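In case you want the letters, here they are:
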Amino acid sequence: GLATEKGFVTEKGQRAAPSTHSVSGAASEPQARGFLTEGGEEMRGAAEVDALLASLDGALTEGVERVTSAEDIEACVVVLYRAFAGLGAPPVMILDWVAGTELKGCIDLFEPIRANADGVFVDNPEREKVFRYGMRWVVHMCAMYGVIFAIRHPGGGSKFSAVAACLPPGRQETAWTTLKMLWKVGLPPWERLFRSAEWKRVQARAFQTFRTTRLAEREIEPQPHWKLSTLGVDPALQQSGYGRRLLNLVNALADLGQYDVYLECSGARNEKIYRKFGFEVRRKVPVVPARNAGASAPFSENGGVCMMVRPASMP
């Protein structure tokens, strides 16, 4: 199991008490929880979370696991890195922009990394560090303060085919949670920062992306809501229905409490996909790097980062 931290904030601004639960028969460990009932009261503990899932149609939850162990959390990081970095499928645009041509080693952004003669996709090691760190941050954030759903790889073993990491209502990304995450996953991989203009630009783009999206989320969805922090499917298994299953599950959980679902994406392709599931574009925001980003151009592809909301529906 994974020991998780306390210190999340409820929608009323009060600090919620932690709960404990046992994972796979292991000793009980601290685990932050904070799902909200329809009446706004906080639900604590794995039993309450599982009760929410049990109230859904079995077809929504079949084959879906709620990830809690340290081993499975790291397996989720691998899936999301493969899905977002462009290993066989187009990379996620905003993340590719953050990594930049400095680390990709090719001219064209937003193009898949090509396989070598043996059919193996080999990423630039420095760029891989950036993507893996970003995915590890998101996954551990949701493991600590939210919930992670995954579908096991059809080949079995420790691999997953698809992952959805979410923050339920009442959870906020604050300065306190950021400090907790820095303690958990370590500092970003900027070891060459002070002697490399490339790394300095990567750092500046990453910071500005985070700042821009967090400010926009607070304005667009000031009320408690579900946040789909990330959804990824292994490139070898995309268009097989795995992403649809996870997205339908998250939407159904939100509908139980009549909450909106908020997400951020980039690129017309992703926007089109989410529209099919009831999401509406609320805002598109270009990301303009700070002056210390050097010659980096703003990210404005398809209007910039797309903020989308799925309004609550009756279950």
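Because the structure is predicted, anything quoted here is derived from the model rather than measured.

**Student:** Explanation requested: the overall build of the protein chain in the structure shown.
**Tutor:** Within the protein chain, the secondary structure is distributed over 9 helices and 11 strands. Counting only residues that meet the buried cut, the protein chain has 52% of its 315 residues in that class. In the protein chain, the proportion of contacts linking residues at least 24 apart, taken out of those at least 6 apart, comes to 73%.

**Student:** Honestly, the nonpolar core in this entry has me stumped. Any pointers?
**Tutor:** Side chains of a nonpolar character, in soluble globular proteins, are inclined to be buried together. Core analysis: the largest hydrophobic core is formed by 51 residues, its most contacted members being Cys-76, Ile-148, Phe-160, Val-163 and Phe-299. Residue contributions to this core peak at 11 residues, all from helix α5 (residues 125-145). By size, the runner-up hydrophobic cluster in this structure holds 33 residues, among which are Ala-164, Leu-231, Ala-254 and Met-308.

**Student:** Before we go on, may I ask you to explain the packing of helix α4 (residues 93-104) against helix α7 (residues 197-220) in this structure?
**Tutor:** When two helices pack together, you describe them by how their axes are tilted relative to each other and by the distance separating the axes. Following both chains from N to C, one finds α4 and α7 inclined at 170°, their axes separated by 9 Å at the closest point. Between α4 and α7, the angle falls in the class roughly antiparallel. For the pair α4 and α7, the contacting residues are Ile-94, Trp-97, Val-98, Ala-99, Gly-100, Glu-102 and Leu-103 in the first and Glu-198, Trp-199, Arg-201, Val-202, Arg-205, Ala-206 and Thr-209 in the second. Here the residues of the contact of α4 with α7 sort into 8 nonpolar, 2 polar and 4 charged.

**Student:** I keep staring at the pattern of salt bridges and nothing clicks. Help me out?
**Tutor:** When the charged atoms of two side chains with opposite charge come close together, those side chains can pair. Counted by the stated rule, this structure contains 17 salt bridges. Notably, a salt bridge pairs Lys-227 with Glu-217, separated by 3.2 Å at the nearest N-O pair. Residue Lys-227 is located in strand β8 (residues 226-233), and its partner Glu-217 is located in helix α7; the two are separated by 10 residues in the primary sequence. The exposure classification of Lys-227 matches that of Glu-217, with both residues buried.

**Student:** Can you walk me through the confidence of the model for the protein chain in this structure?
**Tutor:** Where the model shows low pLDDT, its predicted coordinates should not be examined in detail. Averaged over all residues, the pLDDT of the protein chain equals 80, while 80% of them reach at least 70. Per-residue pLDDT, averaged within each element of the protein chain, yields its smallest value for strand β1 (residues 19-21) (30) and its largest for strand β11 (residues 305-310) (98). pLDDT under 50 marks residues 1-45. Its contacts with residues more than four places away, or in other chains, come to 109 contacts.

**Student:** Whenever I open this one, the layout of surface pockets confuses me. Can you help?
**Tutor:** Where empty space is left becomes clear once a probe the size of a water molecule has been rolled over the atoms. Each pocket or cavity is described by its volume, and for the second largest pocket that value is around 380 Å³. Around the second largest pocket sit 18 residues that line it, and Arg-171, Gln-172, Glu-217, Glu-221 and His-225 are the ones nearest its centre. Among the elements that line the lining of the second largest pocket, the one with the most residues is α7, at 3 residues. Looking at the lining of the second largest pocket residue by residue, the classes come out as 5 nonpolar, 5 polar and 8 charged.

**Student:** How do you make sense of the packing of aromatic side chains when you look at a structure like this?
**Tutor:** Tallying each qualifying case throughout the model produces 4 aromatic pairs. Arranged with centres 5.9 Å apart and planes meeting at 55°, the rings of Trp-97 and Phe-299 form a pair that is tilted. With Trp-97 in helix α4 and Phe-299 in the loop between β10 (280-285) and β11, this residue pair connects regions lying 202 residues apart in the sequence. Residue class for Trp-97 comes out buried when judged on its relative accessible area of 6%. On the accessibility criterion, Phe-299 (1% relative accessible area) is buried. Both rings, one in Tyr-274 and one in Phe-279, keep their centres 5.7 Å apart while their planes meet at 70°; by these two values the pair is edge-to-face. By relative accessible area, which is 11% here, Tyr-274 ends up buried. Taken together, the ring pairs connect Trp-97, Phe-110 and Phe-299 into an aromatic cluster. The cationic tip of Arg-205 hangs over the ring face of Trp-97; the distance from NZ or CZ to the ring centre is 5.9 Å. Over the ring of Phe-210 we find Arg-214; its NZ or CZ atom is 5.7 Å from the centre of that ring.

**Student:** I tried to follow the packing of α4 against α5 on my own but got confused; where do I start?
**Tutor:** Running from N to C, α4 and α5 cross one another at 160°; their axes reach a closest spacing of 9 Å. The angle between α4 and α5 places the two elements in the roughly antiparallel class. Pair α4 / α5 crosses with right-handed handedness. Facing α4, whose interface residues are Leu-95, Asp-96, Ala-99, Leu-103 and Lys-104, α5 presents Glu-126, Arg-127, Val-130, Phe-131 and Met-135. Classifying every residue of the contact of α4 with α5 by side-chain character gives 6 nonpolar, no polar and 4 charged.

**Student:** Just checking my understanding: could you explain the environment of Lys-227 for this structure?
**Tutor:** Owing to a relative accessible area of 7%, Lys-227 belongs among the buried residues under this scheme. Between the alpha carbons of Lys-227 and Glu-217 there is a distance of 9.7 Å; along the sequence they are 10 residues apart. Discounting chain neighbours no more than four positions away, the residues touching Lys-227 are Ala-165, Cys-166, Leu-167, Glu-173, Arg-214, Glu-217, Tyr-262 and Glu-264. For Lys-227, the side chain forms a polar contact with the side chain of Glu-217, separated by 3.2 Å.

Rules used throughout
- Residues numbered from 1 in each chain as written.
- Predicted model: local features only at pLDDT ≥ 70, side-chain atom pairs only at ≥ 80, totals over all residues.
- Heavy atoms only, no water.
- Helix = DSSP H or I, 4+ residues; strand = E, 2+ residues; numbered from the N terminus.
- Buried < 20%, exposed > 50% of the residue type's maximum accessible area, 1.4 Å probe, protein only.
- Contact = heavy atoms within 4.5 Å.
- Core = buried A, V, L, I, M, F, W, Y, C linked by side-chain atoms within 4.5 Å.
- Axes fitted to C-alpha atoms, helices over the stretch in contact; angles between N-to-C directions.
- Parallel < 35°, antiparallel > 145°, perpendicular 65-115°, else oblique.
- Nonpolar A, V, L, I, M, F, W, Y, C, P; charged D, E, K, R; others polar.
- Salt bridge = Lys/Arg side-chain N within 4 Å of Asp/Glu carboxyl O.
- pLDDT = per-residue confidence, 0-100.
- 1 Å grid on protein atoms, 1.4 Å probe; cavity = no way out; pocket = protein on both sides within 12 Å on 5 of 7 lines; lining within 4 Å.
- Points joined across faces, edges and corners; volume = space filled by probe spheres on them.
- Phe/Tyr/Trp six-rings, centres within 6.5 Å; stacked < 30°, edge-to-face > 60°.
- Lys NZ or Arg CZ within 6 Å of the ring centre and 35° of its normal.
- Left-handed = near helix turned anticlockwise from the far one by under 90°.
- Polar contact = N/O pair within 3.5 Å; in protein donor to acceptor, adjacent residues only side chain to side chain.

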